[in-house]
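Below, each chain spelled out in residue letters.
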Amino acid sequence: MNTTEKTVSYVSTNSYSTLNKLGNKTKNVWVVLHGIGYLSRYFLKYFDDLQKDENYIIAPQAPSKYYLNSKYRHVGASWLTKEDTARETKNVIAYLDSVLHQEHIPENCNLIIFGFSQGVSIASRWVAQKKLKCKQLVLYAGGLPNELRKCDFEFLQKNNTKVTLLVGDKDEFINVDRLKAEEEKMNELFGDSVEQIIFEGKHEVKKELINKLVE
């Protein structure tokens with residue numbers, strides 16, 4: 001077949017969900033990036049134990065929605081695949097930039113970037129490419145993209161950003177070899193800025209761990 005692949009640019013609209021209100025008492029603004037198979041509005045349930053007046057949570061929505069099984073009832077979404085990753089990453093980051101711009105986050109608030117599972121790859125790429133001045137970068141049960149380098153994150157130390165890696169000791173997607181490789185990559189990228197927390201559990205989000213991040 002004599003096929004040609006072309007590209008076209010167009011305007012696209014995507015939703016996102018928020019929890020609580022952004023006000024004078026807000027101390028922490030979270031941007032939380034869900035894992036594969038989630039919708040943003042349901043991902044917010046893991047953050048509803050945080051003190052409401054002090055925490056405002058923004059949950060962007062992964063753009064690629066699909067039915068989770070053959071019954072065609074429940075819908076999930078994915079951020080990226082191995083297909084055309086570089087261009088799709090640009091699209092996702094442009095969307096995240098728009099969300100952040102629309103929210104007009106006050107400079108006195110602590111910005112926390114939180115990624116779970118597939119959301120780790122989005123969070124780390126976004127922070128690295130845009131040099132986001134965040135108070136915390138939380139990487140929960142996910143892998144770091146191979147293209148990232150130490151120089152991409154050197155600015156975090158200047159900003160005194162706390163980097164936290166969380167992973168379950170029974171995570172079904174992370175074996176011993178991969179955990180070791182991820183630890184080495186973390187130390188290479190973040191150095192002394194990273195704190196690793198290995199908790200009892202599987203590939204799951206635990207509210208009590210989230211709550212401790214801002215105690």
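Every value quoted in this text rests on a predicted model; they were computed, and no experiment measured them. (Residues numbered from 1 in each chain as written. Predicted model: local features only at pLDDT ≥ 70, side-chain atom pairs only at ≥ 80, totals over all residues. Heavy atoms only, no water.)

The full count for this structure, using the stated rule, is zero disulfides. Between Cys 109, a cysteine without a disulfide, and Cys 134, which holds the nearest cysteine sulfur, the sulfur-to-sulfur distance is 14 Å. The exposure class of Cys 109 is buried, given its relative accessible area of 10%. (Disulfide = S-S within 2.5 Å. Buried < 20%, exposed > 50% of the residue type's maximum accessible area, 1.4 Å probe, protein only.)

Attention now moves to the pattern of salt bridges. Throughout the structure, instances matching the rule amount to nine salt bridges. Among the salt bridges present, the one from Arg 125 reaches Glu 147, with a minimum N-O distance of 2.7 Å. One end of the pair, Arg 125, is in helix 3 (residues 118–130); the other, Glu 147, is in the loop between strand 7 (136–140) and helix 4 (154–158), and 22 residues separate them in sequence. Judged by relative accessible area, Arg 125 falls into the buried class, the value being 11%. We note a salt bridge from Lys 170 to Asp 169, for which the minimum N-O separation is 3.7 Å. (Salt bridge = Lys/Arg side-chain N within 4 Å of Asp/Glu carboxyl O. Helix = DSSP H or I, 4+ residues; strand = E, 2+ residues; numbered from the N terminus.)

For the rest of this paragraph, the subject is the pairing of strand 6 (residues 110–116). Two faces, one strand: in a regular strand the side chains alternate between the faces of the sheet. Counted residue by residue, strand 6 has six buried out of seven residues, so it is predominantly covered. Across six bridges, strand 2 (residues 28–33) lies against strand 6 in parallel orientation. Looking at the pairing, Val 32 lines up with Phe 114 of strand 6. Pairing geometry for strand 6 and strand 7, over five bridges, is parallel. Residue pairing for strand 7: Phe 116 is matched across the bridge by Tyr 140. For the segment spanning strand 6, helix 3 and strand 7, crossover handedness is right-handed. (Pairing = 2+ DSSP bridges. Right-handed = clockwise from strand over helix to strand, strands pointing away.)

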